[in-house]
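Structural overview
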Amino acid sequence: MRSIPRPSRLRAPLGLRGRASEAAATLGLETVGDVLEHLPDRHLDREERTLASLAPGEEATVGVVVRGVDTRPMRRRRGVRVEARVADASGPALAVWFNQPWVARQLGPGTSVLLRGALKRGNEFHVREWEQDDGADAAVHTLGRVAVYRAAEGISKRSLRDLAQRARDALGEVVEPLPAALRAEERLPDRPAALAAAHFPETDADFDAARERLALEELLLLELALGRRKRERRARRRAVALELGGGLAEPWRKALPFDLTGEQRAAIAAIDGDLASEAAMHRLLMGEVGSGKTVVALHAMLRAVEDGRQAALMAPTETLADQHLTTLDRLLGGLVPIALLTGATPAARRRELLGRLGSGELGLVVGTHALIELAVRFRDLAVAVVDEEHRFGVRQREALDAKAPDGRAPHLLHLTATPIPRTLELTGYGELEVTALHELPRGRRQVETHVVSGERARGRAYERAREEIARGRQCFVVCSLVEESESLQARAATAEAERLRATEFRDHRVALVHGQLPSAQKQAAMREFASGSADVLVATSVIEVGIDVPNATTMLIEEAERYGLSQLHQLRGRVGRGEHRGLCILFGDPKLPRLEAIARESNGFRLAEVDLELRGAGEVLGTRQHGMPRLKFAELPEDGGLLVRGRVRAEALLELDPGLEAPEHALLRAALEARFDGA
């Protein structure tokens, strides 16, 4: 692996020992170069004041001369008190340190010092920080612009300021990776100047400009890494180019009893373009709840079937796979055979399906992880759809790739009902082509949402649910756990179903479904509810996605604070899918920010932005994208504008020089490989 050669001073260890060394390591600080890249969070502007100008309790920095020092035991508690008689031109004071006896040995008469603290009772100045006054340039902790660093237990902000001061001499050896032309076009300072201005700025504007320059470089490198991986994947993952227009997909689409939205038609056109190429499709289709992703996915699957090949849809749970089968079968209207393969498929039925898949007789199949088992062989798998792709691991998706014949990969379409903010689309999903569906089908209305607490509000919520049932509609009740847990004090689905049968819904039919039920019981409960035989379905979040019961208009969610914002939005999307408007009532704290957001906002894409602001991007960047280190300088989503600039610059660079082989790109390539381990 090529990397930037690091001069010796940047590689030099920090010289820390024991607890301080361990604490620095938790911050990623092991060398002088690491310290230079550990930027302050902010700077404090500390001006020098005179003793006589201070009001009692006011914190300030004063420059004084020591006249004498004494150490005394503290009267009311153990410890010592260092007292230094000090003065400036405005008068005298008594500087006091608590339990720091070593200070007395460092303060001789005539010593000039800078003290940071507050004037207390009498004429005492209680010292919080201090340093010897060797001139303004030497003041690091108490005077002028003082850096505030993110610290850790065992190493203080003061120690980090000292480390930054010592690292300052190594700035001249920092390598500039950005091409001169790019820096000129973007009007960027060089990297050494930016690091210097970040640690030792003259103004806040200098610090902001320096951090932005470093953040733009970091995001540019990230986008270059993602762009190169995408190009390498396209070259590596070869697929069969499908012959389109075989007389199946388009007639089916035209015969649908509803009109596609403009975004659905655009998505189909983009997917058709992918399928007609030998570069394997690797596209993410994300959409608002109820935006019609399944129709688009089925169109892609039918393209494979009309070309004499096969397609598969893989879902993360048996419940969701079963629901997909029902939905696809309804949309197909008997046009082509389709079957379900899960871990619960009976042995005889499984043998039959494996034979039909192996011979190519069965063109469409829906399943769970069972589809990627070694025994499952397709004659010619050309299109694979993966629903809720974030629930599958990399190895599982690779196993699905291996099902295609002759070493070729299937065209892969990922589905997610969790809208992804633009920030994460450009980072955590940067290796995929992304298509978004914002539009809802005509006639679909927003779900009325309320967050309530207290027994009176709870009673009214049940009353609203009974009113809907009396009108011939149905209700979901969602609980967070399957079994009771005293430690979590959760209303478990099993216990809640029994309680509701005996109390709130004693005159109604209550069904129960959760992930720990045997498959047959889950399917029976879902069929009972879908057919209208049950008025109420008590469930865990197993119903979060893919469940489509148009007659269900009401949802009650217990302990809503236990769910994430996107999960609440997905759950809410299970109601109001028919001709009647949906109602969602969440039991929880109405002042909790994410519950305030879900009650206020119905647009999933805007909710995704809110969720990102509340949680930050670190979790996604740190875990979803393998090999993507956490960001040092950029702050997402706040730096979304810089991210877009980085993406634009990266695309332009890779279009001009895909391998970054040009001499002017050598240092940029080295920085990229050092940062992303050979990306």
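Each remark here, short or long, concerns the structure printed above.
We now turn to the structure provided with this report.

Conventions used here
- Residues numbered from 1 in each chain as written.
- Predicted model: local features only at pLDDT ≥ 70, side-chain atom pairs only at ≥ 80, totals over all residues.
- Heavy atoms only, no water.
- Helix = DSSP H or I, 4+ residues; strand = E, 2+ residues; numbered from the N terminus.
- Buried < 20%, exposed > 50% of the residue type's maximum accessible area, 1.4 Å probe, protein only.
- Contact = heavy atoms within 4.5 Å.
- Areas by Shrake-Rupley, 256 points an atom, 1.4 Å probe, with all protein chains shown as cover.
- Lys, Arg positive; Asp, Glu negative; His and termini not counted.
- Charge placed at Lys NZ, Arg CZ, Asp CG, Glu CD.
- Salt bridge = Lys/Arg side-chain N within 4 Å of Asp/Glu carboxyl O.
- Core = buried A, V, L, I, M, F, W, Y, C linked by side-chain atoms within 4.5 Å.
- Pairing = 2+ DSSP bridges.
- Axes fitted to C-alpha atoms, helices over the stretch in contact; angles between N-to-C directions.
- Parallel < 35°, antiparallel > 145°, perpendicular 65-115°, else oblique.
- Left-handed = near helix turned anticlockwise from the far one by under 90°.
- Nonpolar A, V, L, I, M, F, W, Y, C, P; charged D, E, K, R; others polar.

1. A closer look at the overall build of the chain
Across its full length, the chain holds 24 helices and 21 strands. Considered along the principal axes of its C-alpha atoms, the chain spans approximately 100 × 70 × 40 Å. Across the 679 residues of the chain, 53% fall into the buried class. For the chain, the share of sequence-separated contacts (at least 6 apart) that also reach a separation of at least 24 residues comes to 72%. For the chain, the accessible area works out to roughly 30700 Å², and carbon and sulfur atoms hold 47% of it. Here the chain contributes 98 positive and 100 negative side-chain charges, whose respective centroids are spaced 3 Å apart.

2. As for the pattern of salt bridges
All told, the structure shown has 52 salt bridges when counted by the stated rule. With a closest N to O distance of 3.4 Å, Arg-116 and Glu-59 form a salt bridge. Taken together, the residues span a long stretch of sequence, with Arg-116 in strand S6 (residues 112-119) and Glu-59 in strand S3 (residues 59-73) at a distance of 57 residues. With a relative accessible area of 11%, Arg-116 lands in the buried category. Classification of Glu-59 as partly exposed rests on a relative accessible area of 39%. Taking the shortest distance from any N to any O, the salt bridge between Glu-373 and Arg-350 comes out at 2.7 Å. Of this pair, Glu-373 sits in the loop between strand S12 (364-367) and strand S13 (381-387) while Arg-350 sits in helix H13 (residues 347-359), and the two are 23 residues apart along the sequence. The partly exposed category is assigned to Glu-373, whose relative accessible area is 34%. Through salt bridges that share partners, Glu-37, Glu-176, Arg-183, Arg-191, Arg-213, Glu-217 and Lys-632 make up one connected network.

3. Quick look at the side chain of Arg-303
Tracing the chain through its elements places Arg-303 in helix H11 (residues 293-306). With a relative accessible area of 2%, Arg-303 lands in the buried category. Beyond its immediate stretch of four places on either side in the chain, Arg-303 contacts Leu-242, Leu-244, Gly-245, Ala-249, Glu-250, Asp-272 and Leu-275.

4. Concerning unusual backbone geometry
In the Ramachandran plot, Asp-406 falls in the positive-phi region, its phi being about 60° despite a non-glycine side chain. Assignment of secondary structure puts Asp-406 in the loop between helix H14 (394-401) and strand S14 (411-416). Positioned with a positive phi, Glu-559 is a non-glycine residue whose angle comes to about 45°. Structurally, Glu-559 can be placed in the loop between strand S20 (552-557) and helix H19 (565-572). Given a relative accessible area of 14%, Glu-559 falls into the buried group.

5. A look at the nonpolar core
Counting residues in each nonpolar core, the largest one holds 52 residues, and the members touching the most others are Leu-36 and Leu-224. For this core, the elements supplying multiple residues, two or more each, are helix H2 (18-26), helix H3 (32-36), helix H5 (157-167), helix H7 (191-199), helix H8 (204-236), helix H23 (640-656) and helix H24 (666-676). It is H8 that provides the largest number of residues to this core, a total of twelve residues. Not counting residues up to four positions away in its chain, the partners in contact with Leu-224 are Ala-650, Leu-653, Leu-654, Leu-660, Leu-668 and Leu-672. In this structure, Ala-267, Leu-285, Leu-302 and Val-385 belong to the second largest nonpolar core, which totals 41 residues.

6. Thoughts on the sheet that holds strand S19 (residues 536-539)
In space, the six strands of this open sheet follow the order S16-S21-S20-S17-S19-S18, with parallel pairing throughout. The open sheet is flanked by strand S16 (448-452) and strand S18 (510-513), the only strands paired with a single partner. The sheet shows a mean angle of 15° between the axes of neighbouring strands, direction not considered. Of the pairings in the sheet, the one linking S20 to strand S21 (residues 583-587) comprises four bridges and is parallel in character. Bridge pairing in S21 links Leu-556 to Ile-585. The sheet strands contacting helix H16 (residues 455-470) are S16, strand S17 (474-478), S19, S20 and S21, and the helix crosses S20 at an angle near 160°.

7. Examining the sheet that holds strand S15 (residues 433-437)
Here seven strands make up an open sheet; going across it, the order is S11-S12-S10-S13-S14-S9-S15 and the pairing parallel. Lying at the two open borders of the sheet, with one neighbouring strand each, are strand S11 (338-341) and S15. Averaged over neighbouring strand pairs, the angle between their axes works out to 20° when direction is ignored. Sheet topology places S13 next to S14; five bridges connect them, and they run parallel. The partner of Val-385 across the bridge, within S14, is Leu-413.

8. Things to note about the packing of H8 against H23
Between H8 and H23, whose axes approach to 8 Å, the crossing angle comes to 50°. If you check the angle between H8 and H23, you find them oblique. Taken as a pair, H8 and H23 cross one another with a handedness that is right-handed. Contacts between H8 and H23 involve Glu-212, Ala-215, Leu-216, Leu-219, Leu-220, Glu-223, Leu-224, Gly-227, Arg-228 and Arg-231 from the former and Leu-642, Leu-643, Arg-645, Gly-646, Arg-647, Arg-649, Ala-650, Leu-653, Leu-654 and Glu-655 from the latter. Within the contact of H8 with H23, the residues separate by chemical class into ten nonpolar, two polar and eight charged.

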